[in-house]
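Chain by chain, the residues:
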There are 2 protein chains.
Amino acid sequence: MKRTLFTLTLVSVILVNLFAEDGHNLWLRNKNTGNVTVVCSEKSATIGIAVQELKQGWQGMDGATITLKIKKDKAIKNDGFKLSPTQIQSNTPLGILYGTYELLRRQQTGEPIEDKVVYNPSYEVRTLNHWDNLDGTIERGYAGHSIFWDKEKNLLTPTVQEKLRWKEYARANASIGLNGSVLNNVNASPDMLTAGILKRVKEIADVLRPYGIKTYISVKFSSPVLTGGLKTSDPLDPTVIKWWNDKVKEIYKLVPDFGGFLVKASSEGQPGPQDFGRTHADGANMLADALKPFGGIVMWRAFVYSPSDKDRAKQAYNEFMPLDGQFRDNVIIQVKNGPIDFQPREPFSPLFGAMKKTSVMPELQITQEYLGHSIHLVFLSTMWEELLKSDTYQQGEGSTVARCTDGSIYNQKYTAIAGVSNIGLDTNWCGHDFAQANWYAFGRLAWNNQLTSPEIADEWIKLTFENDSLRNITTDWTENFLIPVKQMMMQSREAAVNYMMPLGLHHIFSANEHYGPGPWWAPKGMRADWTPPYYHQADSQGIGFDRTHSGSDAVSQYHEPLCSQFNDVKTCPEIYLLWFHHLSWDYKMKSGRNLWDEICYHYDTGLNKVREFQKTWDKVEKYVDVERFKKVQCKLRSQSRNAQIWKDACLLYFQQFSKKPIPYKLERPVYELDELMKNDSIRISKAN
Amino acid sequence: MKRTLFTLTLVSVILVNLFAEDGHNLWLRNKNTGNVTVVCSEKSATIGIAVQELKQGWQGMDGATITLKIKKDKAIKNDGFKLSPTQIQSNTPLGILYGTYELLRRQQTGEPIEDKVVYNPSYEVRTLNHWDNLDGTIERGYAGHSIFWDKEKNLLTPTVQEKLRWKEYARANASIGLNGSVLNNVNASPDMLTAGILKRVKEIADVLRPYGIKTYISVKFSSPVLTGGLKTSDPLDPTVIKWWNDKVKEIYKLVPDFGGFLVKASSEGQPGPQDFGRTHADGANMLADALKPFGGIVMWRAFVYSPSDKDRAKQAYNEFMPLDGQFRDNVIIQVKNGPIDFQPREPFSPLFGAMKKTSVMPELQITQEYLGHSIHLVFLSTMWEELLKSDTYQQGEGSTVARCTDGSIYNQKYTAIAGVSNIGLDTNWCGHDFAQANWYAFGRLAWNNQLTSPEIADEWIKLTFENDSLRNITTDWTENFLIPVKQMMMQSREAAVNYMMPLGLHHIFSANEHYGPGPWWAPKGMRADWTPPYYHQADSQGIGFDRTHSGSDAVSQYHEPLCSQFNDVKTCPEIYLLWFHHLSWDYKMKSGRNLWDEICYHYDTGLNKVREFQKTWDKVEKYVDVERFKKVQCKLRSQSRNAQIWKDACLLYFQQFSKKPIPYKLERPVYELDELMKNDSIRISKAN
């Protein structure tokens with residue numbers, strides 16, 4: 001009897017585990033509802049995948065036939081394809097695969113499939129940047145260790161399990177149109193270029209290749225000395241040039257379609273050409289020359305700032321603009337969305353559109369370093385959309401960041417976009433189930449930078465939360481799940497801005513962990529531009545960083561009419577107000593409130609918005625599997641607690657300067673400032 | 001130069017300290033605004049105090065004359081007095097002192113002083129019970145160590161500082177009409193009756209005496225064995241009787257006006273007459289006989305319950321009712337307000353009014369053991385008023401607890417009331433500045449059990465927060481300070497009930513510290529009636545303790561019509577609903593909601609009320625000194641955090657049984673149940 005009971009229990013535990021929804025399948029959940037015949041005259045690993053995906057996930061007419069046709073067509077660019085209800089046409093097998101995913105997505109979400117519509121990607125190179133260290137940790141990663149690296153396994157033959165994970169990863173990327181992976185941290189280890197590690201790069205590249213994912217690596221500029229044993233890493237030194245040439249050859253022998261190098265040089269303590277009195281162009285070009293014969297590229301980061309200058313926001317522009325035109329055509333300058341560093345909100349970097357003779361690519365951050373890690377629900381698509389649609393005016397009205405970078409305006413040899421990945425070994429890849437939406441959104445925007453966030457959210461929700469009973473999407477599901485959840489996602493980034501850094505405030509995090517509030521953080525002797533007071537400039541008179549003509553003059557890096565608009569407090573958008581202006585606490589806002597009150601209202605609005613999200617989510621309980629429901633519910637609770645901490649910390653801290661009461665209509669703080677300042681465990685509160 | 005700066009700094013530090021408002025002066029802040037001539041034919045220490053108080057605090061007509069007249073008057077009872085604008089008359093010097101305080105209070109608060117109005121106290125004996133241990137700690141004390149005891153100082157001659165504190169204490173008590181102090185914990189140390197400690201009792205009594213404060217002590221029933229070295233403490237044993245007689249004589253030699261003993265016996269592990277097969281009456285009477293010749297009394301506690309019975313709420317009644325009529329006339333049975341233990345809300349103890357041939361006195365708890373310690377702002381006057389006005393119906397309608405205990409109905413030899421003190425060595429006496437209001441309210445109700453809580457709050461606020469600029473109370477101050485603060489106080493106890501234990505829930509605290517929520521707490525092997533599940537009885541069917549005829553039948557201990565009213569779920573007041581009934585989660589409440597939803601609404605209402613209090617307090621900032629403003633603000637923040645924890649813990653815990661969603665209109669929990677259950681530091685959260 002006892003044994004029977006035990007067996008029954010065991011079986012049910014196993015069954016539950018088999019069917020437990022762990023989020024691992026991401027947005028790839030479609031199962032076929034009928035048969036399809038796939039006709040294709042060509043064979044390749046990539047075509048094989050396309051055929052398998054179509055058969056596995058077919059939700060069109062039962063018994064239909066679909067033709068995969070590889071045929072040159074000038075209307076089809078790069079990895080693009082022409083989609084019809086019964087045919088996918090492309091110049092390449094990879095285009096066929098992308099068309100396959102587009103077709104299946106449309107079947108699943110119920111979007112129409114019209115005849116002979118051409119889909120071309122906005123960017124040629126669509127990469128994920130993995131800030132993965134060789135020891136397996138991930139800088140700013142919040143979803144477990146690296147899927148690529150492990151200090152115990154790097155030099156061993158990859159296991160079946162590891163390869164399976166890489167394959168799942170490649171499939172997920174391909175399904176949303178990504179075609180490149182930079183496998184390691186921009187703060188690169190010199191070991192990356194050693195034979196053992198390069199062997200693993202080859203193993204990974206072999207798995208990614210059929211899915212069209214090119215492999216890239218980040219390199220340390222001082223590798224010739226550190227790995228090669230040379231006496232210098234001077235980019236103009238012939239031995240150095242030779243060393244890199246040889247190294248590139250070695251890599252291409254292992255990985256014939258190797259993508260190229262990502263380089264963080266002369267930035268935040270990383271070595272670079274400036275160590276030898278050379279320019280960024282000297283450094284980048286030397287590497288570009290080595291890669292050129294193999295079709296490789298150099299993505300050279302513009303994230304540079306030194307302690308000497310008065311305004312960090314201006315430095316990348318100041319350093320790179322003089323070099324415009326000096327870079328090889330296979331160098332792309334990789335520019336973070338904002339002039340500082342992936343803050344909840346920044347105006348676009350003035351380098352976009354300004355460098356007219358150089359390829360420039362946006363670097364977005366998918367991992368939520370400054371936006372609540374994998375604890376806060378923040379749909380980043382709206383932030384990226386805001387960037388891509390920002391008008392630089394560099395070639396007249398309509399010179400959006402999207403058009404300045406995707407080749408619409410400038411004749412770049414290469415167009416590219418990069419997203420710093422948020423994935424790790426966590427079963428659900430991203431830690432937060434909704435963080436998957438950011439991976440998804442990045443891919444979709446990289447493919448089509450004109451997509452809107454509601455469209456992307458709509459797709460993602462349908463693909464991710466649909467289940468058998470919802471195969472035919474019902475009105476009930478749409479009204480009571482899709483719409484409210486989409487609304488929550490759409491509002492989530494503005495909520496985070498409000499409870500963290502509204503009205504143009506930026507970089508007021510607590511040190512290092514970049515999670516909780518720390519507007520006070522400024523240890524003695526610390527570089528000023530690493531401390532929040534440098535950025536908020538709060539004093540008894542007011543708050544904000546004066547970047548007008550009478551301040552740091554960062555406004556002058558923007559093309560007119562933006563320069564004048566940002567410079568004039570009356571025309572500066574309020575979302576950037578304290579980014580560009582130091583204003584009196586009494587400054588009258590458009591709402592009629594004074595600045596201090598307005599700040600208070602924003603923080604309060606942010607907190608209450610998170611509480612609304614909690615209600616939204618709790619209400620949709622019956623539409624979601626219990627596992628993901630509970631996990632997201634738990635994360636939202638933490639987010640709510642943390643939003644309270646952000647609000648209290650910032651208002652109580654700034655109140656010391658404003659000396660004004662928090663408007664009495666608003667809910668009062670519940671924490672003490674000194675407690676928040678000294679107690680990391682309360683401030684960080686990352687228990688969940 | 002440096003020295004000058006140093007001196008200046010020192011002076012300013014001293015000045016700030018001199019004028020910093022630390023709350024030490026309680027409600028005694030009146031300074032004279034004119035001269036008065038005091039005429040009195042008698043002299044005594046007490047009269048001397050009265051004269052000094054009048055001169056110090058006179059706020060009547062400048063140059064007036066007031067006569068203090070000691071003259072027998074039958075209309076004046078006990079410590080009563082007859083007050084006129086120019087005369088205070090009494091039978092005793094103490095009555096004159098009480099009249100003095102009444103006069104000064106009226107002057108300060110602006111209440112009229114009419115001609116020849118007699119004021120008599122409701123109770124003859126009006127005591128504070130100090131749960132102070134001889135080592136200086138205080139059981140359930142939240143305002144520092146004992147003002148009476150200190151393990152290093154008990155056997156030394158009291159210092160000037162100690163005596164000053166005792167005098168301040170006596171004055172504060174006298175000013176609100178209290179006339180007795182039980183100096184030590186009811187869980188009494190046998191050392192209390194040793195010569196060294198009794199010497200200190202004498203020292204204290206000498207300081208308290210001029211203010212009319214009689215001294216009492218708690219005694220351990222087994223003292224004859226533990227202190228006296230006898231073989232038994234059997235109350236009928238002649239050697240025991242003799243030992244107590246001798247001990248009483250010894251005490252009266254030291255303290256000629258000694259008040260008597262307070263005894264906790266055969267209760268919660270304390271020794272008592274039942275250890276020897278004797279009754280409570282046997283034990284109490286033996287001590288009463290020893291005290292009788294000196295006019296002393298015995299206050300014998302009815303707080304008894306054993307693990308054997310099925311309903312703890314019934315036990316005191318069951319044990320004491322059979323003894324009614326068997327007690328000496330100088331024994332008073334001291335009965336806690338409710339049948340369980342000082343919970344945020346209980347129905348009155350059925351012993352009130354039921355014991356018709358025995359003196360019965362209410363024991364109230366001023367220290368907030370179950371009501372947020374010295375962290376939560378809870379004005380207890382409303383709770384006590386609710387008790388005193390509860391109709392027992394024991395002698396027909398109008399047989400309120402007040403009238404059943406104050407001699408209006410029963411011909412008790414002694415009438416008395418006790419309050420468990422909330423004071424300690426904290427500079428502001430009570431920890432929370434608003435906890436002073438509870439000390440004040442207890443004194444005022446002990447003097448006049450017909451006073452209403454708004455009257456008491458009104459007095460206390462005026463006396464405590466008035467300052468020079470408010471001597472003539474302005475409309476502005478009344479409207480913007482007095483009224484909102486009074487409203488906050490008036491709503492505060494109901495708020496605490498709502499966020500802790502609404503609708504008759506009781507005793508669901510976390511163990512031991514009696515601060516945070518712990519409805520789950522039930523370690524294996526623990527006495528059931530020490531665990532919350534015993535009291536809430538939550539299960540999949542519903543919640544609540546069935547004390548109806550079909551349950552434990554505790555309702556039968558109440559006189560009709562209460563018995564029927566409580567027994568019938570339709571007539572049982574909803575505030576006591578789950579005290580008397582186990583009801584389905586779906587039970588339909590008067591609001592139209594089901595029981596589960598109603599519980600949720602109550603917890604949510606409680607939390608939001610505390611948030612309202614925060615707003616109320618922040619708004620009055622300009623009317624309060626900065627020190628008390630900040631302290632109270634800080635406490636309210638903690639209270640708000642803790643109310644959130646209470647709400648989340650209770651709702652998430654009970655939701656496991658109800659399996660129903662928290663109504664979606666309500667703000668969602670922000671904590672996780674398992675986190676709250678395992679993490680004391682979060683649950684208790686007593687940092688401030």
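Anything mentioned here points back to the structure above.
Treat the numbers as computed from the prediction; the structure is a model and nothing was measured.

Novice: Go over the pattern of salt bridges, please, and point to the residues and values.
Specialist: Per the counting criterion, the structure on display carries 87 salt bridges over all chains. A salt bridge links Asp311 of chain A to Arg547 of chain A; its shortest N-O distance comes to 2.8 Å. Of the two residues, Asp311 of chain A sits in the loop between β10 (297-301) and α9 (312-320) while Arg547 of chain A sits in the loop between β14 (542-543) and α16 (562-567), which places them 236 residues apart along the sequence. An identical accessibility class is assigned to Asp311 of chain A and Arg547 of chain A; each is buried. Here Arg345 of chain B makes a salt bridge to Glu386 of chain B, at a shortest N to O gap of 2.9 Å. In this pair, Arg345 of chain B is assigned in the loop between β11 (331-336) and β12 (359-365) and Glu386 of chain B in helix α10 (residues 381-388), connecting sequence segments 41 residues apart. Given a relative accessible area of 7%, Arg345 of chain B falls into the buried group. A network of salt bridges, in which partner residues are shared, links Glu102, Arg105, Arg106, Arg444 and Glu459 of chain A.

Novice: Give me the sheet that holds β10 of chain A: which residues, what numbers.
Specialist: All names here are of chain A. Spatially, eight strands are ordered β6-β7-β8-β9-β10-β11-β12-β13 in a closed barrel, and the strand pairing comes out parallel. Each strand axis lies, on average, 25 degrees off the axis of its neighbour in the sheet, ignoring direction. Pairing between strand β6 (residues 125-129) and strand β7 (residues 180-182): three bridges, direction parallel. Paired with Leu128 across the two strands is Ser181, which belongs to β7.

Novice: Go over the pairing of strand β3 (residues 81-84) of chain A with me, naming the residues and quoting the values.
Specialist: All names here are of chain A. Taking every second residue as pointing to the same face, both faces of β3 are buried, with Phe81 and Leu83 on one and Lys82 and Ser84 on the other. Bridge count between β3 and strand β5 (residues 117-119): three bridges; the pairing is antiparallel. By the bridge assignment, Leu83 is partnered in β5 with Val117. Looking at chain direction, β3 and strand β4 (residues 87-90) are connected through four bridges and run antiparallel. Across the sheet, the residue bridging to Ser84 is Gln87, located in β4. Hairpin connection, β3 to β4: the antiparallel pair is bridged by two residues.

Novice: For the sheet that holds β4 of chain A, give the residues involved together with the corresponding values.
Specialist: Residues and elements named next belong to chain A. Pairing in this open sheet of five strands is mixed, and the strands run β1-β2-β4-β3-β5 from one edge to the other. Each edge of the sheet is formed by a strand with only one pairing partner; in this case those strands are β1 (36-40) and β5. Each neighbouring strand pair of the sheet contributes to a mean axis angle of 20 degrees, computed without reference to strand direction. In this sheet, strand β2 (residues 64-70) lies alongside β1 in parallel orientation, the contact comprising five bridges. Each residue of the ladder has a partner; that of Thr37, found in β2, is Thr65. Along the sheet, helix α2 (residues 45-57) contacts β1 and β2; its crossing angle with β1, the most-contacted strand, is approximately 165 degrees.

Novice: Now, about the side chain of Asp73 of chain B: what can you tell me, with residues and values included?
Specialist: All names here are of chain B. Mapped onto the elements of the fold, Asp73 is located in the loop between β2 (64-70) and β3 (81-84). A distance of 3.0 Å separates polar atoms of two side chains, one belonging to Asp73 and the other to Lys82. Leaving out residues up to four positions away in the same chain, Asp73 has contacts with Lys82, Gln89 and Asn91.

Novice: Lay out the packing of helix α7 (residues 238-254) of chain A against helix α8 (residues 280-291) of chain A in plain terms, naming residues and giving numbers.
Specialist: Residues and elements named next belong to chain A. The contact between α7 and α8 brings their axes to 9 Å, and the two run at 40 degrees. As judged from the angle between their axes, α7 and α8 are oblique. α8 is crossed by α7, and the crossing has right-handed handedness. Seen from α7, the contacting residues are Val240, Ile241, Trp244, Asn245, Val248 and Tyr252; seen from α8, they are Met286, Leu287, Ala290 and Leu291. Taken together, the residues that form the contact of α7 with α8 break down as nine nonpolar, one polar and no charged.

Analysis parameters
- Residues numbered from 1 in each chain as written.
- Chains lettered and ligands numbered in written order.
- Predicted model: local features only at pLDDT ≥ 70, side-chain atom pairs only at ≥ 80, totals over all residues.
- Heavy atoms only, no water.
- Salt bridge = Lys/Arg side-chain N within 4 Å of Asp/Glu carboxyl O.
- Helix = DSSP H or I, 4+ residues; strand = E, 2+ residues; numbered from the N terminus.
- Buried < 20%, exposed > 50% of the residue type's maximum accessible area, 1.4 Å probe, protein only.
- Pairing = 2+ DSSP bridges.
- Axes fitted to C-alpha atoms, helices over the stretch in contact; angles between N-to-C directions.
- Contact = heavy atoms within 4.5 Å.
- Polar contact = N/O pair within 3.5 Å; in protein donor to acceptor, adjacent residues only side chain to side chain.
- Parallel < 35°, antiparallel > 145°, perpendicular 65-115°, else oblique.
- Left-handed = near helix turned anticlockwise from the far one by under 90°.
- Nonpolar A, V, L, I, M, F, W, Y, C, P; charged D, E, K, R; others polar.

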